Amino acid sequence: EHLVFPQSELGGNVPAAWSGAAKGSRGRVRDAHGGTLILDRVDELPPASQRVLIRMLDGGVLGVGDIREEAVDVRTLATCGDPDRLIPGLRERLQGAVLRVVPLRERALEIPQRIEQFLAGRRRISGDAVAALTRHPWPGNDAEFRSVLEALVVGSDRFIGMRLVRRHFKTPDSRRDRVRVTK
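Remember, it's a predicted structure, so these values are computed and weren't measured experimentally.

Of regular secondary structure, the protein possesses eight helices and six strands. Moving toward the C terminus, one meets the helices and strands of the protein in the order α-α-β-α-β-β-β-α-α-β-α-α-β-α. By residue count, 36% of the 183 residues in the protein fall in the buried class. Across the protein, contacts joining residues at least 24 apart in sequence account for 58% of those joining residues at least 6 apart. Carbon together with sulfur atoms contributes 51% to the accessible area of the protein, which is approximately 11600 Å² in total.

In structure tokens:
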């Protein structure tokens, strides 16, 4: 979800700050004062929203229609897929402690165990289906992984086999030893 009106959503607004703003809003940053604000995929925000974040990360928040900035104490956790898409200044402010999360495709050895944990007795799964899921590149990482497994559970009675996996990925490949995902 992108911020529609970043300064208002992050910093709030005074009543009647614009036509249609009947009530005031504290904004997400003020609501997080004294706590943690989690910002997901900041690299996907437009530059205007990223500029609002810079002001907030510098310790102040200015809502729409406010006449002075309010100091805030907020710990910020941000996720970012491509740091090169951040505007100058934002990347430096977010680099307090950088954790690189290894993509799922680079942790393929974890996948069979994660499948078993996810299924947790709800369904059985064939070895070739596990192998195919292990080979899948998972461009959507954990979110895609969970979504696919949930879809496989919903689409099965008690057993998840290769046929269901192929059908889910809509692959024309009929060989049992691999799954190709076409775009």
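Quick look at the packing of aromatic side chains now. Counted under the stated rule, the structure contains two aromatic pairs. Arranged with centres 5.3 Å apart and planes meeting at 80°, the rings of Trp138 and Phe145 form a pair that is edge-to-face. Judged by relative accessible area, which is 0%, Trp138 ranks as buried. An aromatic cluster is present here, built from Trp138, Phe145 and Phe169 joined pairwise through their rings. Between the NZ or CZ atom of Arg122 and the centre of the ring of Phe118, over which it lies, the distance is 5.0 Å.

Glancing now at the confidence of the model for the protein. A low pLDDT means the predicted coordinates there should not be read in detail. When pLDDT is averaged along the protein, the result is 82; 88% of the residues meet or exceed 70. In this model residues 172-183 is a low-confidence stretch, pLDDT under 50, and it forms 22 contacts with partners more than four residues away in sequence or in other chains.

Bringing the nonpolar core into the picture now. Among the nonpolar cores identified, the biggest contains 20 residues, and Ile115, Ile125, Leu133, Trp138, Leu152, Ile160 and Val165 are the most heavily contacted of them. Listed by contribution, the elements that provide at least two residues to this core are helix H5 (111-119), helix H6 (127-135), helix H7 (141-154) and helix H8 (162-169). Looking at this core element by element, the count peaks at five residues for H7. Core analysis: the next-biggest nonpolar cluster, separate from the first, contains 17 residues, Val42, Val61, Ile87 and Leu90 among them.

The next point concerns the pairing of strand E1 (residues 36-39). Only one face of E1 is buried: it carries Leu37 and Leu39, and the other face, with Thr36 and Ile38, is open. Note that E1 and strand E4 (residues 75-78) share four bridges and pair parallel. In the sheet register, Leu39 faces E4, and the bridge partner there is Ala78.

Now for the pattern of salt bridges. Scanning all chains against the criterion turns up ten salt bridges. The salt bridge involving Arg55 is made with Glu69; its shortest N-O contact spans 3.0 Å. Taken together, the residues Arg55 in helix H3 (residues 47-57) and Glu69 in the loop between strand E2 (60-61) and strand E3 (70-71) connect sequence positions 14 residues apart. Assessed through its relative accessible area of 40%, Arg55 is described here as partly exposed.

Okay, H6 next. Every buried residue belonging to H6 is among Asp128, Ala129, Val130, Ala132 and Leu133, and all of these are buried. Buried residues belonging to H6 abut H5, strand E5 (124-125), H7, strand E6 (159-160) and H8.

Another aspect to go through is the packing of H5 against H6. Look at H5 against H6: their axes get within 9 Å of each other, and the N-to-C directions meet at 120°. Accordingly, the angle class assigned to the pair H5 and H6 is oblique. Helix-helix and strand crossings are classified by hand; for H5 and H6 the assignment is right-handed. Of the residues in H6, those touching H5 at Ile111, Pro112 and Ile115 are Val130, Leu133 and Thr134. Across the contact of H5 with H6, the residue classes tally to five nonpolar, one polar and no charged.

Conventions adopted
- Residues numbered from 1 in each chain as written.
- Predicted model: local features only at pLDDT ≥ 70, side-chain atom pairs only at ≥ 80, totals over all residues.
- Heavy atoms only, no water.
- Helix = DSSP H or I, 4+ residues; strand = E, 2+ residues; numbered from the N terminus.
- Buried < 20%, exposed > 50% of the residue type's maximum accessible area, 1.4 Å probe, protein only.
- Contact = heavy atoms within 4.5 Å.
- Areas by Shrake-Rupley, 256 points an atom, 1.4 Å probe, with all protein chains shown as cover.
- Phe/Tyr/Trp six-rings, centres within 6.5 Å; stacked < 30°, edge-to-face > 60°.
- Lys NZ or Arg CZ within 6 Å of the ring centre and 35° of its normal.
- pLDDT = per-residue confidence, 0-100.
- Core = buried A, V, L, I, M, F, W, Y, C linked by side-chain atoms within 4.5 Å.
- Pairing = 2+ DSSP bridges.
- Salt bridge = Lys/Arg side-chain N within 4 Å of Asp/Glu carboxyl O.
- Axes fitted to C-alpha atoms, helices over the stretch in contact; angles between N-to-C directions.
- Parallel < 35°, antiparallel > 145°, perpendicular 65-115°, else oblique.
- Left-handed = near helix turned anticlockwise from the far one by under 90°.
- Nonpolar A, V, L, I, M, F, W, Y, C, P; charged D, E, K, R; others polar.

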